[in-house]
Amino acid sequence: MADQLSPDEKYQLITRNLQEVLGEEKLKQVLQERELKVYWGTATTGKPHVAYFVPMSKIADFLKAGCEVTILFADLHAYLDNMKAPWELLELRVKYYEQVIKAMLESIGVPLEKLKFVKGTDYQLSREYTLDVYRLSSMVTEHDAKKAGAEVVKQVEHPLLSGLLYPGLQALDEEYLKVDAQFGGVDQRKIFTLAEKYLPSLGYAKRAHLMNPMVPGLTGAKMSSSEEESKIDLLDSKEDVKKKLKKAFCEPGNIQNNGVLSFVKYVVLPLRQEFCIKRDAKWGGDKVYTVFEEVEKDFAAEMIHPGDLKASVEVALNELLEPVRKKFESPELRKLTNSAYPSASKTRKGAGGGGGGAGDDELAPSRLDIRVGKIVSVEKHPDADSLYLEKIDMRGIESQAMLLCASIEGEPRRVEPLDPPEGSSPGERVFVEGYETGKPDDKLNPKKKVWEKLQVDLKISDECVAQWKDKQLMTKLGQITCKTLKGGNIS
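What counts and what doesn't
- Residues numbered from 1 in each chain as written.
- Predicted model: local features only at pLDDT ≥ 70, side-chain atom pairs only at ≥ 80, totals over all residues.
- Heavy atoms only, no water.
- Buried < 20%, exposed > 50% of the residue type's maximum accessible area, 1.4 Å probe, protein only.
- Helix = DSSP H or I, 4+ residues; strand = E, 2+ residues; numbered from the N terminus.
- Pairing = 2+ DSSP bridges.
- Axes fitted to C-alpha atoms, helices over the stretch in contact; angles between N-to-C directions.
- Parallel < 35°, antiparallel > 145°, perpendicular 65-115°, else oblique.
- Left-handed = near helix turned anticlockwise from the far one by under 90°.
- Contact = heavy atoms within 4.5 Å.
- Nonpolar A, V, L, I, M, F, W, Y, C, P; charged D, E, K, R; others polar.
- 1 Å grid on protein atoms, 1.4 Å probe; cavity = no way out; pocket = protein on both sides within 12 Å on 5 of 7 lines; lining within 4 Å.
- Points joined across faces, edges and corners; volume = space filled by probe spheres on them.
- Arc of directions from axis to C-beta.
- pLDDT = per-residue confidence, 0-100.
- Phe/Tyr/Trp six-rings, centres within 6.5 Å; stacked < 30°, edge-to-face > 60°.
- Right-handed = clockwise from strand over helix to strand, strands pointing away.

## Quick word on the pairing of strand β14 (residues 429–432)
A two-sided burial pattern is seen for β14, the buried positions comprising Arg429 and Phe431 on one face and Val430 and Val432 on the other. Relative to β14, strand β9 (residues 370–371) runs antiparallel, the two being bridged by 2 bridges. Counterpart to Ile370 in the pairing with β14 is Val430. Relative to strand β17 (residues 471–475), β14 runs antiparallel, the two sharing 2 bridges. Note that in β17 the partner of Phe431 across the bridge is Met474.

Right, here's the structure in full:
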């Protein structure tokens, strides 16, 4: 197919559905002379989820356009990012990622023989690369390094030096992989601009950058490997897919931050060229769409019911996931999965400060499903003088809404709501540092008094930071705070 395309047609295919392109003229110039060399890298941290089909569909576009594509399994980056992947698990995580990424590509018909797969530590520990890391670190300021990784590297109150190295290494990868362009999410834009600024200072060429939009998760915020309820895992059963889609944020007529709708736009239609809304004949019967704008228009006009949209996406999603599930039914890959991602109890046992020993699992704070909410209105309670009824927007998350507040006893009792980091969205999960990956209980058993036992250790620090046993309450954007109640309780 690529031989039959003109340079302009290749450019259109390479850039379709992207949010932004840096270096358009360079891309066009290369395409006039030869095929484009591009790489996509993924840090081997948490398990890949269905949002990974978005870059996979673009990789399919790149290959159709004749590009030479390299996929980088960035194992060293996974370790540098606040040790999201422990050193002893790096090799196993790479093997898992390689198997699952290849299974995804096969499920959408991408020929693997046209791809080149590379592991970061195969070249990032070389003498030449290490010397370039030192050369780059002598030029990049702490401010620039921190700014570049702000949306990619995990943000904590006391960042490790490793997180500051991360953006520079990603910039150097462009030179050592000998590519014309790097492809990634728009959340990596600051790393891309750092590469454009500093690579020429080392005597290396400035590359072009291709950026996908960030696909909303099921909660309406960014889909995250560390946020169980925001994502559908590639190995989730059909029952789990149905359950998670049922809970997904999908407000009638609302096309903003709609992860279900976005999946149609960035995965289903580019890969299948059509999308069928399945519904009962009395509601108009099935309707096939070939253009996303028509789907979006009908949903905004409430001509497509959220239930029908979810059911139709469920069918399309299971068609993509079934080959991946079948591949991972083999005993070898089941063993690999369990070894690369051991249970929380195995991970924490003997971790020395990583959240307690295995005996603490029963009372792990990850069992609490705490979310960011937006107070929409405050009204006086109709049956009391001192109680108030608050309406809270949780972005369609089905949960038992309860407003967490800081308080200090006394006369009068002082109470303040907790504040999430600036830029947070309703529905984003709040977690305790060190317990990011735990799955919350579907429903807390009141007889077990899980909330009551965990709540006694929820406090406000002297710096007005919300904590559980001296570990911070956080979202992916930073820590939870209150304004003034130092030393207060959280309830």
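## Remarks on the packing of helix α8 (residues 161–176) against helix α9 (residues 189–198)
At their nearest, the axes of α8 and α9 sit 9 Å apart, and the two run at 60° to each other. When the interaxial angle is binned, α8 and α9 end up oblique. For the crossing formed where α8 meets α9, the hand is right-handed. Here Tyr166, Pro167, Gly168, Gln170, Ala171 and Glu174 of α8 come into contact with α9, specifically with Ile191, Phe192, Leu194 and Ala195. Here the contact of α8 with α9 is composed, by residue class, of 7 nonpolar, 2 polar and 1 charged.

## Some words on empty space enclosed by the protein
Under the definition given, this model contains 5 cavities of 30 Å³ or more. Considering only enclosed or pocket space, the second largest cavity measures out at about 80 Å³ in volume. Surrounding the second largest cavity, 13 residues form its lining, Pro365, Ser366, Leu368, Ile370 and Val432 being those nearest its centre. Classifying every residue of the lining of the second largest cavity gives 11 nonpolar, 1 polar and 1 charged.

## Examining helix α14 (residues 331–340)
All of the buried residues along α14 are Leu333, Leu336, Thr337 and Ala340. End-on view of α14: buried residues confined to an arc of 100°, all on one side of the axis. Counted as exposed and oriented over 90 degrees from the buried face of α14: Pro331, Lys335 and Asn338. Buried residues along α14 sit in contact with α5 (90–107) and α13 (306–327).

## Digging into the confidence of the model for the protein
Looking at the protein as a whole, its pLDDT mean stands at 85, while 86% of the residues score no less than 70. Contacts for the low-pLDDT stretch residues 345–361, under 50 throughout, to residues beyond four places or in other chains number 21 contacts. Segment residues 396–401 is flagged for pLDDT under 50; beyond a separation of four residues in sequence, or across chains, it makes 9 contacts in the model.

## Focus on unusual backbone geometry
Positive phi values are uncommon outside glycine, yet Lys469 reaches one of about 50°. Within the secondary structure layout, Lys469 lies in the loop between β16 (466–468) and β17. Given a relative accessible area of 47%, Lys469 falls into the partly exposed group. Even without glycine at this site, Asp470 takes up a positive phi of about 70°. Here Asp470 is to be found in the loop between β16 and β17.

## Things to note about the packing of aromatic side chains
Under the counting rule described, the total for this entry stands at 11 aromatic pairs. Taking the centre distance of 5.6 Å and the plane angle of 65° together, the rings of Tyr96 and Phe328 count as edge-to-face. Placement of Tyr96 in helix α5 and of Phe328 in the loop between α13 and α14 is noted, with a sequence separation of 232 residues between them. Since its relative accessible area comes to 5%, Phe328 is described here as buried. Here the aromatic rings of Tyr96 and Tyr341 are separated by 5.2 Å at their centres, their planes lie at 75°, and the arrangement is edge-to-face. With a gap of 245 residues between them, Tyr96 in helix α5 and Tyr341 in the loop between α14 and α15 (344–348) connect regions that are remote in the sequence. With respect to class, Tyr96 is no different from Tyr341; both count as buried. Joined through ring pairs, the aromatic side chains of Trp40, Tyr52 and Tyr97 make up one cluster.

## A few points about the sheet that holds strand β2 (residues 37–43)
As summarised here, the arrangement of the 6 strands in space is β1-β6-β5-β2-β3-β4, forming an open sheet in which the pairing is mixed. Looking along the sheet, the strands with just one partner apiece sit at the ends: β1 (20–22) and β4 (115–119). Sheet twist, expressed as the average angle between the axes of neighbouring strands with direction ignored, equals 20°. Here β2 pairs with strand β3 (residues 68–74) via 7 bridges, running parallel. Note that in β3 the partner of Val38 across the bridge is Val69. The strands that α8 touches are β2, β3, β5 (181–185) and β6 (208–212); relative to β2, the one it contacts most, it runs at about 150°. In the packing of α9 onto the sheet, the strands contacted are β1, β5 and β6, and the crossing angle to β6 comes to about 180°.

## Some points on the pairing of β6
In terms of burial, β6 is a largely internal element, 5 of the 5 residues being buried. Residues Ala208, Leu210 and Asn212 line one face of β6 and the alternating positions His209 and Met211 line the opposite face, and both faces are buried. Relative to β6, β1 runs antiparallel, the two being bridged by 3 bridges. Its bridge partner lying in β6, Glu20 is registered against Met211. Read as a crossover between parallel neighbours, the route from β5 over α9 to β6 is right-handed.

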